[in-house]
Amino acid sequence: MGLPALEFSDCCMDSPQFREKLKSHEAELDKTNKFIKELIKDGRSLVAALKHLSSAKRKFSDSLNEFKFRCIGDAETDDEIIIAKSLQEFAAVLRNLEDERLRMIENADEVLIMPLEKFRKEQIGAAKEAKKKYDKETEKCCTVLEKHMSLSSKKKESHLHEADSQVDQVRQHFYEVSLEYVLKVQEVQERKMFEFVEPLLGFLQGLFTFYHHGYELAKDFSDFKTELTISIQNTRNRFESTRSEVESLMKKMKENPHEHKSFGFCTMEGYLYIQEKRHFGTSWVKHYCTYEKESKRITLVPFDQKSGGKIGDEETVTLKSCIRRKTDSIEKRFCFDVETVDRPGVITMQALSEEDRRLWMEAMDGREPVYNSNKDNQSDGWHRNSSIHS
């Protein structure tokens, strides 16, 4: 549904219907103003993205241009020569294309951004200023009229005539301001149809020019593309024909595979149960833990798969020491104590198995507990066979 027409004749009556029509035009101007602001913002983001894309493609083309093929053997075949220079040809096409894109980007501000900003500030801005003046005169006219209506009929005739004359002047001025405001609103609504749309058309024309340039480049590149495609296929065919011979030779010379191990810093991760003290005893809470040996950082995340997979708050502490828990000092199996720089006291952890505890202690440079009696030695003697070497 279109906007209702504003008639100059309605300015004189200033009816509620006229005011409603005016409000709908004002709302449309506000909507247009906000839209153009967002469009300018998006346009600038688009230009920035195009600049970033162009920069990335230029870097890509520079990388292509810098790479040089080195073929096997002293002599190169015709196919190898064509393939070897292909990257430089690709780079040249990309650079040419980006030169044209740069011209489009440089024109974008003048063709798109500036005209839209000018229309928004000069035209819609002028309409807003006219509205301020119109609202001010409305307030003034209504106040004067209300004051005039309260004049007593007992006043001198000359005084009443003078008051009537002043009111007529105020109403005439308000009428003129109203006409000017309606004219400006109508003018902006009409200007919007060309001053707003024309910059967009110009920007699209720049895009079409860029794409047409790419089309012309593709036509010029067509002959080399055909030649390169043939060379690539020839090279692939030669590869496939000699591949079985090469694989046969490789099998004859192949030795038993050797296992390669990485000797970087040790990192351990997995589930541990951590003892937490409560008001009425202790509980064991399942955590997913990770340990980085180089930084000695332990990350603890409360998590239990069977409880719906809700992840608790992550905590990170720095390892100070790790000691295996004596078997008779705790009811749980596979336990070890960890001291940290960040927390007071000891954190007691329970591994999932004896082997799992050994791996955790090995990663943390864990130590065996100190034995103070023969009883301790007897009860924990079997553990010394698997003591941890730091």
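1. A few points about the overall build of the chain
Move 1: What the chain contains, in helices and strands, is seven helices and six strands.
Move 2: What you see in the chain, going N to C, is helices and strands ordered as α-α-α-α-α-β-β-β-β-β-β-α-α.
Move 3: Going through the 390 residues of the chain one by one, you find that 30% of them count as buried.
Move 4: A sequence separation of at least 24 residues applies to 60% of the contacts in the chain between residues at least 6 apart.

2. Points about the pairing of strand 6 (residues 346–350)
Move 1: For strand 6, the tally of buried residues reaches four of five residues, placing the bulk of the element in the interior.
Move 2: Direction of pairing for strand 5 (residues 335–340) relative to strand 6: antiparallel, over a ladder of five bridges. In the sheet register, Phe 336 faces strand 6, and the bridge partner there is Met 349.
Move 3: Connecting strand 5 to the antiparallel partner strand 6 that follows it, the hairpin turn spans five residues, and Gly 345 within it adopts a positive phi of roughly 80°.

3. Some details on the sheet that holds strand 4 (residues 315–324)
Through backbone hydrogen bonds, the strands of a sheet pair up, either in parallel or in antiparallel fashion.
Move 1: Ordered by their spatial adjacency, six strands build a closed barrel running 1-2-3-4-5-6, and the pairing between neighbours is antiparallel. Going from strand to strand, the sheet's axes swing by 50° on average, the running direction of each strand aside.
Move 2: Where strand 1 (residues 267–278) meets strand 2 (residues 281–292), twelve bridges bridge the pair, whose relative direction is antiparallel. Counted as the bridge partner of Thr 267 is Glu 292 from strand 2.
Move 3: Along the sheet face, helix 6 (residues 354–363) touches strand 1, strand 2, strand 4 and strand 5 and points at about 100° away from the line of strand 1.

4. Remarks on the packing of aromatic side chains
Move 1: Scanning the entire structure with this criterion turns up eight aromatic pairs.
Move 2: The interplanar angle of 25° and the centroid separation of 4.9 Å between the aromatic rings of Tyr 134 and Tyr 181 together place this pair among those described as stacked. Residue Tyr 134 is located in helix 4 (residues 86–149), and its partner Tyr 181 is located in helix 5 (residues 157–253); the two are separated by 47 residues in the primary sequence. Both residues of the pair, Tyr 134 and Tyr 181, belong to the buried class.
Move 3: Between Phe 210 and Tyr 211 the ring centres are 5.5 Å apart and the planes differ by 55°, which places this aromatic pair in the tilted class.
Move 4: The exposure class assigned to Phe 210 is buried, which follows from its relative accessible area of 5%.
Move 5: A connected cluster of aromatic rings, assembled from ring pairs, spans Phe 90, Phe 221 and Phe 224.

5. Overview of the confidence of the model for the chain
Move 1: Chain-level pLDDT for the chain is 85 on average; 91% of the residues reach the 70-or-more range.
Move 2: In the model of the chain, helix 7 (residues 374–380) stands out as the element of lowest mean pLDDT, 48, in contrast to strand 5, which has the highest, 96.
Move 3: Long-range and interchain partners of residues 375–379, a stretch whose pLDDT sits below 50, account for six contacts in this model, where long-range means more than four residues apart.
Move 4: Note that pLDDT drops below 50 for residues 381–390; the model gives that stretch 16 contacts with residues more than four away or on any other chain.

6. Remarks on the packing of helix 2 (residues 16–66) against helix 4
Move 1: Viewed as axis vectors pointing N to C, helix 2 and helix 4 meet at an angle of 160°, and their least axial separation amounts to 8 Å. As summarised for this structure, helix 2 and helix 4 are arranged roughly antiparallel, according to the angle between their axes. In this structure, helix 2 meets helix 4 at a crossing whose hand is left-handed.

7. Side note on the pattern of salt bridges
Move 1: This model, assessed by the stated rule, comprises 27 salt bridges.
Move 2: Among the salt bridges present, the one from Glu 129 reaches Lys 132, with a minimum N-O distance of 3.5 Å. Within this pair, Glu 129 and its partner Lys 132 are both found in helix 4, separated by three residues, close to a single helical turn.
Move 3: Taking the shortest distance from any N to any O, the salt bridge between Glu 195 and Arg 191 comes out at 2.3 Å. Residue Glu 195 and its partner Arg 191 are both found in helix 5; the two are separated by four residues, about one turn of the helix.
Move 4: Glu 195 sits in the partly exposed class, given a relative accessible area of 23%.
Move 5: For Arg 191, a relative accessible area of 26% corresponds to the partly exposed category.
Move 6: Here the salt bridges share partners, and the residues they tie into one network are Lys 184, Glu 187, Arg 191 and Glu 195.

8. Structural notes on unusual backbone geometry
Move 1: Although it is not a glycine, Lys 296 adopts a positive phi angle of roughly 60°.
Move 2: Along the chain, the position of Lys 296 falls in the loop between strand 2 and strand 3 (297–302).

9. Observations concerning the side chain of Glu 137
Move 1: Here Glu 137 lies in helix 4.
Move 2: It is Lys 140 that comes nearest to the buried, bridge-free Glu 137 among opposite-charge side chains, at 4.7 Å.
Move 3: Among all residues touching Glu 137, those that are not within four sequence positions of it are His 173, Phe 174 and Val 177.

10. Section: the nonpolar core
Considering soluble globular proteins, one finds that nonpolar side chains tend to be buried as a cluster.
Move 1: Residues Phe 18, Leu 22, Ile 36 and Tyr 134 are the most contacted members of the largest nonpolar core, which totals 34 residues.
Move 2: Listing elements by their share of this core, those giving two or more residues are helix 2, helix 4 and helix 5.
Move 3: Ranked by residues supplied to this core, first place goes to helix 4 with 13 residues.
Move 4: When neighbours within four sequence positions are excluded, Phe 18 is seen to be in contact with Leu 6, Glu 7, Asp 10, Cys 11, Tyr 134, Ser 178 and Val 182.
Move 5: Grouped together as the second largest cluster of nonpolar side chains are 20 residues, Leu 272, Leu 319, Phe 334 and Met 364 included.

Thresholds, definitions, all that
Residues numbered from 1 in each chain as written. Predicted model: local features only at pLDDT ≥ 70, side-chain atom pairs only at ≥ 80, totals over all residues. Heavy atoms only, no water. Helix = DSSP H or I, 4+ residues; strand = E, 2+ residues; numbered from the N terminus. Buried < 20%, exposed > 50% of the residue type's maximum accessible area, 1.4 Å probe, protein only. Contact = heavy atoms within 4.5 Å. Pairing = 2+ DSSP bridges. Axes fitted to C-alpha atoms, helices over the stretch in contact; angles between N-to-C directions. Phe/Tyr/Trp six-rings, centres within 6.5 Å; stacked < 30°, edge-to-face > 60°. pLDDT = per-residue confidence, 0-100. Parallel < 35°, antiparallel > 145°, perpendicular 65-115°, else oblique. Left-handed = near helix turned anticlockwise from the far one by under 90°. Salt bridge = Lys/Arg side-chain N within 4 Å of Asp/Glu carboxyl O. Lys, Arg positive; Asp, Glu negative; His and termini not counted. Core = buried A, V, L, I, M, F, W, Y, C linked by side-chain atoms within 4.5 Å.

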